[in-house]
Amino acid sequence: MKAITGGWTAGPDGVPDGALRACLEDAVAAPSVHNTQPWRFRVYGGTVEILADRSRRLDVLDPQGRELFVSLGAAVFNLRASMLARGRVPVLRLLPEPAEPDLVARVTVGPPTRPPATAIMLADAIPRRHTNRQPFTEIPVPAEALADLTAAADAERARLVVTDAVARDAVLDVVRIAEQRRRHDPAYWRELSEWTRSGPERHDGVPPEAFGPWDALETVPIRDFSVVRPARRRKPAPFERAPTIAVLYTRDDTPAEWLRGGQALERVLLTATVRGLASTIMTQPVEVPHLRALLRDAADGYAAQAVLRFGYGPFSAASGRRGLDEVVVATAGNGEVTEGSKVPE
Ligand SMILES: Cc1cc2nc3c(=O)[nH]c(=O)nc-3n(C[C@H](O)[C@H](O)[C@H](O)COP(=O)(O)O)c2cc1C
């Protein structure tokens, strides 16, 4: 984490400097579906408003905007962790204005506080977390690391279920079916093609160096980003035979819960990074309604938001991000400070 602690307000043009700017840089480092980065930030005084940029919604894969909201939730988590690690309490309101549904969160710089060790570790991990689509080693993930991951989801009022061998095979079967089904969908191809274009001017989308190799046996059915890029076809490589797989659930399936799920997702991924674990997000099955229904927790109806894979993997490349100049909406704002609940630490 960059050691910037002062500067908690935006200038009159809405462009932040100092610590608040560092917090926004952490927010945009969040994972997002196809690296769409579907966010905008409106900053005034010591308040950051996070807005959905629906022009970046994936119409084929995510017509409801559920994964768009999960991505926004991940950015909200980074903003909170970064603020807290820099010694200010983040005061969060999700969906604060019912009349403005694209305003997904308002985070106000609260009173000074002694940063909790967990917040410092999680914020430090933000630039080191990348989606890793490489083969992992066969070394099992220790039970205590898995317990940390499930506790991270609990802390955000979501649920992470680490599968046993039988459930793992069943979950991976569902991922595989979803992935295969999509491979024959021309609309999906077109959308994938739009978000896998690379070039020096492109700071979003999934770049070829992040595609990873192809598991010829398809034990680990990672999304095939190369399907529309024959020149970039993935080379086959052996993947781990017994992957560690977990499913992230939220209590409900509402926009507020998707935002909660996104915060939980990022807390889990950063906790994995702190633990030296690599991670992969696999959401193909939650994008097909009848396959998603198979993942639903039959006991209490919790809704599946993502399938996650953890393990020990090689270095994986970072994907680009758009600069703050592109995502901060300049506005003088009204400077209002809202009441809110203190974020659980
Ligand atoms: C809601 C959501 C869904 C995602 N689904 C997938 C997926 O199915 N397969 C995959 O390989 N990556 C998936 N990702 C990871 C993104 O592709 C990744 O976050 C993005 O490309 C930025 O790269 P980074 O995570 O390395 O920063 C998902 C991320 C989010 C937030």
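Residues numbered from 1 in each chain as written. Predicted model: local features only at pLDDT ≥ 70, side-chain atom pairs only at ≥ 80, totals over all residues. Heavy atoms only, no water.

Under the annotation held in an unreviewed UniProt entry, the chain carries the name Nitroreductase family protein and is attributed to Phytohabitans maris.

A. Here's a closer look at the confidence of the model for the chain. For the chain, per-residue confidence averages 92 on the pLDDT scale, and residues scoring 70 or more make up 93% of the total. Contacts of residues 333–345 to residues separated by more than four positions or lying in other chains number 27 contacts, the stretch itself having pLDDT below 50. (pLDDT = per-residue confidence, 0-100. Contact = heavy atoms within 4.5 Å.)

B. Seen up close, the pairing of strand E4 (residues 103–112). Most of E4 sits out of view: eight of its ten residues are buried. Looking at chain direction, strand E2 (residues 47–52) and E4 are connected through five bridges and run antiparallel. By the bridge assignment, Leu51 is partnered in E4 with Leu103. Sheet topology places strand E3 (residues 88–94) next to E4; six bridges connect them, and they run antiparallel. Looking at E4, one finds that Pro90 is bridged to Val109. (Buried < 20%, exposed > 50% of the residue type's maximum accessible area, 1.4 Å probe, protein only. Helix = DSSP H or I, 4+ residues; strand = E, 2+ residues; numbered from the N terminus. Pairing = 2+ DSSP bridges.)

C. Structural view of helix H3 (residues 117–125). Those residues of H3 that fall on the buried side of the exposure criterion are Ala119, Leu122, Ala123 and Ala125. What you see down the axis of H3 is that its buried residues fit within an arc of 160°, all on one side. Tucked into the core, H3 has its buried residues touching helix H2 (66–85) and helix H7 (255–274). (Arc of directions from axis to C-beta.)

D. Representation of the site of the ligand within the structure. Close to the ligand lie 21 residues, the nearest being Thr131, Arg133, Arg223, Thr283 and Arg321. At 3.3 Å, a backbone N or O of Ser32 approaches an oxygen atom of the ligand. One of the side-chain N or O atoms of Arg129 is found 2.9 Å from an oxygen atom in the ligand. Bound to the protein, the ligand loses 99% of the 620 Å² it would expose on its own. Of the pockets mapped on this structure, the ligand occupies the largest pocket. The set of elements that each furnish at least two residues to the shell around the ligand consists of H2 and strand E7 (278–282). The element contributing the most residues to the shell around the ligand is H2, with three residues. Broken down by class, the residue content of the shell around the ligand amounts to seven nonpolar, nine polar and five charged. (Near = heavy atom within 4 Å. Polar contact = N/O pair within 3.5 Å; in protein donor to acceptor, adjacent residues only side chain to side chain. Areas by Shrake-Rupley, 256 points an atom, 1.4 Å probe, with all protein chains shown as cover. 1 Å grid on protein atoms, 1.4 Å probe; cavity = no way out; pocket = protein on both sides within 12 Å on 5 of 7 lines; lining within 4 Å. Sits in = over half its atoms within 2 Å of the grid points. Nonpolar A, V, L, I, M, F, W, Y, C, P; charged D, E, K, R; others polar.)

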